[in-house]
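Working through the structure, step by step
The residues making up each chain are set out below.
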Amino acid sequence: MARGGIREKLRRSSLYTLANIRTKPSYRKEEAASEELSGYPRVIFVNQQTVSDDTPPPIFCTNYVSTTKYTLFNFLPIALFEQFNRVANFYFLVAAGLTFTDYAPFDWPSQVVPLALVVGFSLAKELYEDLQRHWQDMTANCQKATVHVGNGVFESKQWRDVCVGDIVKVKKDEFFPADLLLLQSSYEDGMSYVETMNLDGETNLKVKRALQNMSLPVVADDDKAVHFSDFRPTIRCENPNSNLYTFTGNLEYNGHIHPLDPAQLLLRDSKLRNTEYIYGVVVFTGNDTKVMQNTTQSPSKRSKIELQMDKIIYLLFGLLIFISIVSASGFGYVVRNLVPLWWYLMPEVPGEDFDINNFFVSGLRHLVTALMLYGYLVPISLYVSIEAVKILQARFINNDLHLYDEVTGVPANARTSNLNEQLGQVDTILSDKTGTLTCNQMDFLKCSIAGCPYGKRPSEVELAAAKQLKALDTHDEEASIGSLSDTTSLEAITITDDGNANKSQAIKGFSFQDDRLQNAKWLKEPNADVILLFFRILAVCHTAIPEISEKTGELTYEAESPDEGAFLVAAREFGFHFIKRTQNSVVVRERLSMDQEPVEKEYNILTLLDFTSKRKRMSVIIRDESGQILMFCKGADTIIFDRLADTGKQYLEATTKNLNDYGEAGLRTLALAYKKLEENEYSDWYEKFHKAQIASGSNREELLEELSDVMERGLTLVGATAVEDKLQKGVPECIDRLALAGLKIWVLTGDKMETAINIGFSCSLLRQGMTQICIVVSAEMLAEAAKHVIKENILSQITTAIQTIEDKKETRAAFALIIDGKTLTYALEDDMKFQFLNLAVNCASVICCRVSPKQKALVVRLVKEGTGRTTLGIGDGANDVGMIKEADIGIGISGVEGMQAVMASDFSIAQFRFLERLLIVHGHWCYKRISKMICYFFYKNITLALTLFYFEAETGFSGQMHYDDWYMLLYNVFLTSCPVLALGVLEKDICAEFCLQFPALYQQGPKNLFFDWYRIIGWLANGVYASFVIYIVNLRIFSPESFRKEGQTADMYVIGTAMFTSIIWVVNVQIFLVSHYLTQVQLHTIWGSIVVWYLIVYIYGMTPVDWSAGNIYHQLPEVLGPAYKFYLSTIFVTILCNMPYLIHISYQRCYNPEDHHVLQEMKNMKKDVTDTKMWKREQVKATQDTEIGLSARVDAKMRLMKGRTTRKYSSLAYSSS
């Protein structure tokens, strides 16, 4: 508010605040009962460092808030514990320790170096990600607050330094640094407006009022608040809790006790609006604040693929133990029966390797050796490779220009890379509404006056439906029956809208387009007098305050609801400009003719009957300049229609039809009516109403409601409004695409039920013809009935709803579940929550309204644990933090509600519409990539490790390796790492465009088709087969005959190098065959790995003899290089090992192709260009059946039109017969 403007003219605010917000009367301390002084556990000494008896004040938590996972002192212990909590890492830790003993079959670097690289890389990644969270926390904690330091002086401190008991000054548009008790505001009566969007998602302003009778003087904004120098009250209140809407306690000051209630509590992260400043005392700080109490502990999230990967590792450990036992048993058998015959080993001399007199101990010793030798079955570099791949995948997500919002300049941000593949397995999306689906803007779009509809511009839902219907008409000839006229009209509207796009952007809150009402042309309409009444109701019936913008100097409105703001903007554009409010009047500048200047008219406000969620209406009784008393009323159509006089229903039928059309278009509607009052009639009524206002009995509110109801009868209908709760760009299309991909969408919002239902229609989660199941308990029952009675009532509603769904007659019948927060409190209790979940999962859409942040998290937990499916929570405010943390994947919207949701999220995006590409494209790709990468990793390690087992069995289970230690070290770390990294980062089964055109492909992830046990066992079996072929073929080619013309035979190291060469070729050709999308990077890594292997063998063979083990010296140029068998064996083994996969994939593509195989063939044959009808037909087939979204809305409308056409033809046939 401009300084010295409205505030100077308006010192009292009782007229335009909610009438039911009144502070309780204070009383003297001597009159208080003892329990009122001692019953509250939290005692706060305001403005006092010590208590009067020199005892230190109570210790409360600091105002420092942290979302990090580690601290400086616990990082290494916790991070190392988590790393070695992985069974594979723990195994290699033990194995690395044993390499320093005589049991090791190889030198220590072959185990210690890979382990150090793997663990070190993982620790560095964890440290980097946690540091990012730490810097974001520091940004929040280092914000500035103005705190009283003594003698009325206020100084700037950081939020983290604010303490309980401090007096804080907060200025307009600033956030509250902690939970404050309101002491004083810039208004004399202590009123202030607060925006709680961060907490409950509501955009309307809340009215808070300071304690009365405190005798605190109002001071100018720049003056010292010297009266706080000696202000030292004591506050006794409840302990910290998560309930946003309750607060009890009392304040002792000057011998009086002032009862406290939620009207005085200002919550952290809410914003001061429409008030120059407030003073408040800090009651809760840091983790004790309401918003932090509603947050849940950050869980350690792991993807389902990673959890299943652990099971595979356990399986491989079982295989490792099994073959180790076989090896140890074989070694014991050899020691007992064969070694005594081998005289050259001097078996009679006991040694460290064996003892023929104690073969059992020899077997146990060999078991340790075997467990280390076959450890290559377990891929040590798997974890670090996955970490590296996920980081690179996250970089691709961050750099995707299709996820970049040009308006705000905000890109997507993968805040953690642990859950990339989980994006491709989501089953249920649980979304916030305000700021997530909507953009917190109401636009006046249409209206109905005297039964005549006005407003030609279509809503976003109508535009999206027209686009969808047009797309269907192009490839479905049947769909064109009966739908052409609708499509044509919608297309015509779309063209008209494009011509005025600039205008809709120029006037915020006003998207109305109809020349019949604009520019004073309404005066030529047949019902001009009714239209005049309509505009005056818009301009007068509200509680808004005009405000001069400090930036632009223009007049804007601070309204308690965004609808009121849109109505006032519409009234201004129609020529009825609300310009001023005084304590008992409003002034409107009215333009009644284009030829005349606007005329200011003052309307005296006699009584204001506020809007509440229970009344669902508001009324204002005014006296115009002619002395006529009028009552203007606006509210929900059902409420207004029930209160119409018999003579006031002239336009009821036509208005009802228009309202149904507006509802189908996803618009929020209100009905407008009026009533003329005689002086005596009003005076008699007001006398009773005033007595009820000042009454102090327990039935005061009931009396006021009864009297209000009496006055609001006998109304005359004027018309109805239709405003559009502006969805974020692309929300309807995004929801439609997600629904076609088979995803379920729930909305969890803090808004009232009517608002949530309207948004449900706007984004096509609800539609006409869908049965709405409302689970609601009346306020009377909640207030009066026992808990078990309430629960029985809710359970009865749930049971009846389930039975209704089971008994549905139509196969395409759709149901939507709507439940409010108070009812949800009981439905989430242990003895009822699974019945509620059973009902919810059988509904096409679920909307939970008036839910607290804690309830959002509990609903997510119920869905996650009750269904076992992957959940995704998405929101943009602090009230969504618990939900985001609880979900398997948390998405934060970088919106206007601060960064709390983003800081708690796993991924952040700028708009809800980007969720479509994040899941259907990146989620699908990441799931396929990680699945294929892990399966291939196990395959290549089994291929190598089992050749060691075969060789050991061939050599009497001696524990001897035929591979050089350096070859083993380089296999996972270097020789085969780059191709698998390229596979995990760059692989694509289909392009992004196809992913979006064929959304049903996404279901491959939730159904886990590419990482099920069938596919895993297949890859493991392929590795067993390849290892057997590599060993047998190479052994038979190189032994026992000579392999060179000179007659030389192959020793152990020659056979080992030949086998290793075959392994390198086999696994690299296999990854070449597996890849669908071969880029230059992948080709270079695959063939480069093979070339590098030959270079390593050559260079390693050129090193001095004492640097290598065995006969490696000049092995490639002098031993293997000249031998043609070396090359023939490599080629033959490579073909033989990969032939089964080639046969399998060829048969599958020909006779049992998967969805992506069909699309790949169609793309290669360019069917999207040469046969568009076939392409469109396949697109329609590649969708999941859904009852939500634009497609479902269009489908239902087409079925309705076809039904009408069928009935029409049937009646014509009957008539002709």
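Residues numbered from 1 in each chain as written. Predicted model: local features only at pLDDT ≥ 70, side-chain atom pairs only at ≥ 80, totals over all residues. Heavy atoms only, no water.

Moving on, we get to the overall build of the protein. When helices and strands are tallied, the protein shows 41 helices and 34 strands. Burial analysis of the protein (1217 residues in total) assigns 56% to the buried set. Taking the intrachain contacts of the protein between residues at least 6 apart in sequence as the baseline, contacts between residues at least 24 apart amount to 75%. Total accessible area computed for the protein in this model is approximately 52100 Å², and 56% of it derives from carbon and sulfur atoms. (Helix = DSSP H or I, 4+ residues; strand = E, 2+ residues; numbered from the N terminus. Buried < 20%, exposed > 50% of the residue type's maximum accessible area, 1.4 Å probe, protein only. Contact = heavy atoms within 4.5 Å. Areas by Shrake-Rupley, 256 points an atom, 1.4 Å probe, with all protein chains shown as cover.)

What follows deals with helix 30 (residues 965-975). Buried within helix 30 are the following residues: Asp 965, Tyr 967, Met 968, Leu 969, Tyr 971, Asn 972 and Leu 975. At the N-terminal boundary of helix 30, the capping side chain belongs to Asp 964, with an oxygen 2.9 Å from the backbone nitrogen of Trp 966. (Polar contact = N/O pair within 3.5 Å; in protein donor to acceptor, adjacent residues only side chain to side chain.)

Read from one edge to the other, the open sheet built from 3 strands follows the order 8-7-13, with strand pairing classed as antiparallel. Strands with a single pairing partner mark the edges of an open sheet, and in this sheet they are strand 8 (205-209) and strand 13 (271-273). With direction set aside, neighbouring strand axes in the sheet form an average angle of 45 degrees. Inspection of the sheet shows strand 7 (residues 191-195) paired to strand 8 by 5 bridges, in the antiparallel sense. Note that in strand 8 the partner of Glu 195 across the bridge is Leu 205. (Pairing = 2+ DSSP bridges. Axes fitted to C-alpha atoms, helices over the stretch in contact; angles between N-to-C directions.)

Our next topic: helix 15 (residues 562-573). Its 12 residues give helix 15 an end-to-end C-alpha distance of 17 Å, which sits within 8% of 16 Å, the value for a rise of 1.5 Å per residue. Among all positions of helix 15, only Asp 563, Glu 564, Gly 565, Ala 566, Phe 567, Leu 568, Val 569, Ala 570 and Ala 571 are buried. (Expected span 1.5 Å × (residues − 1).)

Turning our attention to the side chain of Asp 888. Tracing the backbone through its elements, the reader meets Asp 888 in the loop between helix 27 (881-886) and strand 33 (889-893). As a buried residue without a salt bridge, Asp 888 has its nearest oppositely charged side chain in Lys 864, at a separation of 4.7 Å. At 2.8 Å, the side chain of Asp 888 forms a polar contact with the backbone nitrogen of Thr 871. Not counting chain neighbours up to four residues away, the residues in contact with Asp 888 comprise Lys 301, Leu 419, Gln 422, Lys 864, Arg 869, Thr 870, Thr 871 and Asp 906. (Lys, Arg positive; Asp, Glu negative; His and termini not counted. Salt bridge = Lys/Arg side-chain N within 4 Å of Asp/Glu carboxyl O.)

Using the criterion set out here, one finds 48 salt bridges in the structure. Ionic pairing is found between Lys 69 and Glu 126, a salt bridge with its closest N-O pair at 3.9 Å. Of this pair, Lys 69 sits in the loop between strand 2 (42-45) and helix 3 (75-84) while Glu 126 sits in helix 5 (residues 109-141); the two residues are 57 residues apart in sequence, bridging distant segments of the chain. Relative accessible area serves as the criterion here: at 11%, Glu 126 is assigned to the buried category. With a closest N to O distance of 3.9 Å, Arg 617 and Asp 709 form a salt bridge. On the criterion of sequence distance, the pair formed by Arg 617 in strand 24 (residues 617-623) and Asp 709 in helix 19 (residues 700-711) is long-range, its members being 92 residues apart. Here the salt bridges share partners, and the residues they tie into one network are Arg 615, Arg 617, Arg 643, Glu 705, Asp 709, Glu 712 and Arg 713.

As a further point, take unusual backbone geometry. With the exception of glycine, most residues fall at negative phi, and the peptide bonds are largely trans. Within the chain, Lys 616 stands out as a residue other than glycine whose phi angle is a positive 60 degrees. Tracing the sequence through the fold places Lys 616 in the loop between strand 23 (599-609) and strand 24. What makes Lys 616 partly exposed here is its relative accessible area of 30%.

Let us look at the packing of helix 29 (residues 914-954) against helix 34 (residues 1052-1074). Between helix 29 and helix 34, the shortest axis-to-axis distance is 11 Å and the interhelical angle comes to 160 degrees. One way to sum up the angle between helix 29 and helix 34 is to call them roughly antiparallel. Judged by the twist between their axes, the crossing of helix 29 over helix 34 is right-handed. Residues Lys 932, Tyr 936, Tyr 939, Lys 940, Thr 943, Leu 944, Thr 947 and Phe 951 of helix 29 touch helix 34, and the partners they reach there are Met 1052, Phe 1060, Ile 1063, Val 1066, Val 1067, Asn 1068, Gln 1070, Ile 1071 and Val 1074. (Parallel < 35°, antiparallel > 145°, perpendicular 65-115°, else oblique. Left-handed = near helix turned anticlockwise from the far one by under 90°.)

Our next topic: a nonpolar patch on the surface. Together, Phe 100, Trp 108, Val 113, Leu 117, Val 973 and Phe 974 make up a nonpolar patch on the protein surface, roughly 570 Å² of accessible area in all. Put simply, the parts of the chain that give the nonpolar patch at least two residues each are helix 5 and helix 30. On the basis of relative accessible area, Val 973 is assigned to the partly exposed category, the value being 32%. (Patch = residues over 30% accessible without salt bridge, like charges linked within 9 Å, V, L, I, M, F, W, Y side chains within 5 Å.)

This part is about the sheet that holds strand 5 (residues 167-171). Spatially, 6 strands are ordered 4-3-5-14-6-12 in an open sheet, and the strand pairing comes out antiparallel. Either end of the sheet is taken by a strand with one partner, and the two such strands are strand 4 (153-158) and strand 12 (265-266). Strand direction decides the pairing type here: strand 5 and strand 14 (residues 277-284), joined by 5 bridges, are antiparallel. Within the sheet, the bridge partner assigned to Lys 169 lies in strand 14 and is Tyr 279.

Turning next to the packing of aromatic side chains. Summed over the entire model, instances satisfying the criterion amount to 42 aromatic pairs. With 4.8 Å between their ring centres and 20 degrees between their planes, Trp 685 and Phe 689 make a pair best called stacked. Placement of the pair is Trp 685 and Phe 689 together in helix 18 (residues 679-694), with a separation of 4 residues, close to one helical turn. For the pair shown, Trp 685 and Phe 689 are each scored as buried. Sitting above the plane of the Phe 1010 ring, Lys 928 keeps its charged end 4.3 Å from the centroid. (Phe/Tyr/Trp six-rings, centres within 6.5 Å; stacked < 30°, edge-to-face > 60°. Lys NZ or Arg CZ within 6 Å of the ring centre and 35° of its normal.)

Two elements in contact, helix 4 (residues 87-98) and helix 8 (residues 304-337), have axes whose closest approach is 10 Å; the angle formed by their N-to-C orientations is 35 degrees. Mapping the contact onto sequence places Val 87, Ala 88 and Tyr 91 in helix 4 and Ile 313, Tyr 314, Phe 317 and Leu 320 in helix 8. Of the residues in the contact of helix 4 with helix 8, the class split is 7 nonpolar, no polar and no charged. (Nonpolar A, V, L, I, M, F, W, Y, C, P; charged D, E, K, R; others polar.)

Next up on the list: the pairing of strand 25 (residues 629-635). Burial runs high along strand 25: 7 of the 7 residues are buried. Burial along strand 25 is two-sided: Ile 629, Met 631, Cys 633 and Gly 635 facing one way and Leu 630, Phe 632 and Lys 634 facing the other are all buried. If you look at the hairpin formed by strand 24 and strand 25, you'll find 5 residues sitting between the two strands, and Gly 627 has a positive phi there, around 95 degrees. Here strand 25 runs beside strand 26 (residues 668-677); their pairing, made up of 7 bridges, is antiparallel. Across the sheet, residue Lys 634 finds its bridge partner in strand 26, namely Leu 672.

This is a description of form; function is not addressed.
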